[in-house]
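Spelled out from the first residue to the last, the chains are:
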Amino acid sequence: VKNFLSLRDVSVEFGKLNVLIGPNASGKSNLLKALRLLRNHVRVGLPVLDEKSPTELPFGDLVYGFDVYKTIEVKAVIDYEGREVSYELRLSMDGYEEAIEKDGEIIYEYSTRLGEIKGRPRYRASNGTLKDMPTGFTKIVTIAIRDVEGRLEKRQVDYYRSPLSFPPGDVDTAIRVVIEFLRGIGVFRFDPTAMRFSSRVAEEPVVEYSGANLARFLLHLYLERRRDFIRVEDAVKAFVPEVDEVIPHIEGDSVELWVRFRGLPLPLRPDYVSDGTLRLLAIASILGAGFSLVAIEEPENHVHPHLLEALVGLARSSPSQVVFTTHSPHLLDYVEPSEVLVVGRIGLETRIRRLTETREVEAVKRFLEEGGTLGEAWYAKLFGEVE
């Protein structure tokens, strides 16, 4: 990631479970925003952070140092059957460029600046030939930038929708892998208030960043992926033994989340279900949903510390790569040093280091060998430097 919020130049290699720790305002959430940008660009077809406002791009607030003459770059390198396939998005105030490479060869490339396509997008077809990809329709996107005095200026630009959001059926397998992986990224900061709202049955069964639309997603699992629903329900029962049944309850054209507890004659409506139970239900649903990569901010919120070991275990057994951000030393007690990414800030710039690659790791290992825990080591400030 380059020139995006506080991420001036950051590279991170994700493993199966990745726990980001660091002080407030260090940039943990900014890395998750970069993931969200990639996911939304491929799903919506436009480089936006908020999928609920797909025509708003606050470029001036996203670029490092508010320097609107810089280009934001986000690149994902994916291991596909032992080969590297990469996708890169380059975003400026005039438009965006994107490319996919396989084994060092560009197999897809597209560029749009000031609403004009600079050459037709080209892609490698499954039979090996190069073909022109159909271009998408335009949308008027509101670009927000700041002038030299910090005043917000807005202008409207015609953006061509990315062809990756509606690819031809004969694209090279590597292109399809990239599209499916980026579409399969999920980034969440669960808000129990949002999860209590009912959803329309006609809505697409996609859980939003806040956890809104969870009821619709669980209805989808119940009707069409029953084994996954049972797995989610069993995970919640393991967390909260008092839970007897999870019910996506339909009334008219709406669905809301009800939970039946043992000993009560009637299920509880969402207003009367605890914040912790709702968050655990959302986390269990997301970790079992088949995302390529799931990122959850502060999963320990509203969760009893005794449940954090089971939560980490659920993340490790998830079919997805998992990223957590946390401030909890209790959660770190159940994490391996190799799973920890230390995040810090030097001036305006975020730095990220894997704990096992820092100069402090030997002191941490000695502390653990002497009976200490990783959470205690972090709380005692035995590690946390990023220089």
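Located above this text is the structure these notes cover.
Residues numbered from 1 in each chain as written. Predicted model: local features only at pLDDT ≥ 70, side-chain atom pairs only at ≥ 80, totals over all residues. Heavy atoms only, no water.

Peer 1: I would appreciate a short explanation of the overall build of the protein chain in the present structure.
Peer 2: A count of helices and strands for the protein chain gives eleven helices and 21 strands. The C-alpha radius of gyration of the protein chain comes to 22 Å, within 12% of the 21 Å expected for a compact globule of 387 residues. Burial analysis of the protein chain (387 residues in total) assigns 52% to the buried set. Carbon and sulfur atoms provide 48% of the accessible area of the protein chain, an area that totals close to 18000 Å². When the 50 positive and 60 negative side-chain charges of the protein chain are each reduced to one mean point, those points stand 3 Å apart. (Helix = DSSP H or I, 4+ residues; strand = E, 2+ residues; numbered from the N terminus. Rg over C-alpha atoms; globule rule 2.2 N^0.38 Å. Buried < 20%, exposed > 50% of the residue type's maximum accessible area, 1.4 Å probe, protein only. Areas by Shrake-Rupley, 256 points an atom, 1.4 Å probe, with all protein chains shown as cover. Lys, Arg positive; Asp, Glu negative; His and termini not counted. Charge placed at Lys NZ, Arg CZ, Asp CG, Glu CD.)

Peer 1: What am I meant to see in the side chain of arginine 39 here?
Peer 2: Topologically, arginine 39 is positioned in helix α1 (residues 28–44). In this view, arginine 39 contacts Glu51, Leu182, Arg183, Ile185 and Val206; residues no more than four positions away in its chain are not counted. (Contact = heavy atoms within 4.5 Å.)

Peer 1: I'm lost on the layout of surface pockets in this one. Help?
Peer 2: Summary: where empty space remains is shown by rolling a probe the size of a single water molecule over the atoms. Considered as a void within the structure, the largest pocket measures approximately 750 Å³ in volume. Lining the largest pocket are 26 residues; nearest its centre among them are Val12, Glu13, Lys75, Ala76 and Val77. Counted by class, the lining of the largest pocket contains 16 nonpolar, two polar and eight charged residues. In this structure, the second largest pocket encloses a volume near 350 Å³. Residue lining of the second largest pocket: 18 residues in total, with Gly22, Pro23, Trp378, Phe383 and Gly384 positioned closest to the centre. If you tally residues by element for the lining of the second largest pocket, the top one is strand β20 (residues 340–346), at four residues. Of the residues in the lining of the second largest pocket, the class split is nine nonpolar, four polar and five charged. (1 Å grid on protein atoms, 1.4 Å probe; cavity = no way out; pocket = protein on both sides within 12 Å on 5 of 7 lines; lining within 4 Å. Points joined across faces, edges and corners; volume = space filled by probe spheres on them. Nonpolar A, V, L, I, M, F, W, Y, C, P; charged D, E, K, R; others polar.)

Peer 1: Would you mind showing me how to read the side chain of serine 86 here?
Peer 2: Topologically, serine 86 is positioned in strand β6 (residues 83–92). If we skip the residues at most four places from it in the chain, serine 86 touches Lys75, Ala76, Val77, Ala99, Ile100 and Glu101.

Peer 1: Would you take a moment to explain the nonpolar core for this structure?
Peer 2: Taken as a class, soluble globular proteins show a tendency for nonpolar side chains to be buried jointly. Of all hydrophobic cores here, the largest spans 58 residues; its most connected members are Phe190, Leu218, Val340 and Phe383. Per-element tally for this core: the top contributor is helix α7 (residues 275–287), with eight residues. In this view, phenylalanine 383 contacts Ile21, Leu332, Val340, Val342, Leu355, Glu360, Val364, Leu374, Ala377 and Trp378; residues no more than four positions away in its chain are not counted. (Core = buried A, V, L, I, M, F, W, Y, C linked by side-chain atoms within 4.5 Å.)

Peer 1: Help me understand the environment of leucine 38, please; the structure alone is not making it clear to me.
Peer 2: As for its position among the elements, leucine 38 is in helix α1. The class of leucine 38 is buried, set by a relative accessible area of 3%. As for leucine 38 and arginine 183, which are separated by 145 residues in sequence, their C-alpha atoms are 8.3 Å apart.

Peer 1: Help me out: how do you make sense of α7 in this one?
Peer 2: Residues spaced three or four apart along an α-helix point in a common direction, a consequence of the helix completing one turn every 3.6 residues. Helix length check: α7 (13 residues) gives 18 Å between terminal C-alpha atoms against 18 Å at 1.5 Å per residue, within 8%. Summarising burial for α7: twelve of the 13 residues are buried, a large majority. Looking only at α7, the buried set comprises Gly276, Thr277, Leu278, Arg279, Leu280, Leu281, Ala282, Ile283, Ala284, Ser285, Ile286 and Leu287. (Expected span 1.5 Å × (residues − 1).)

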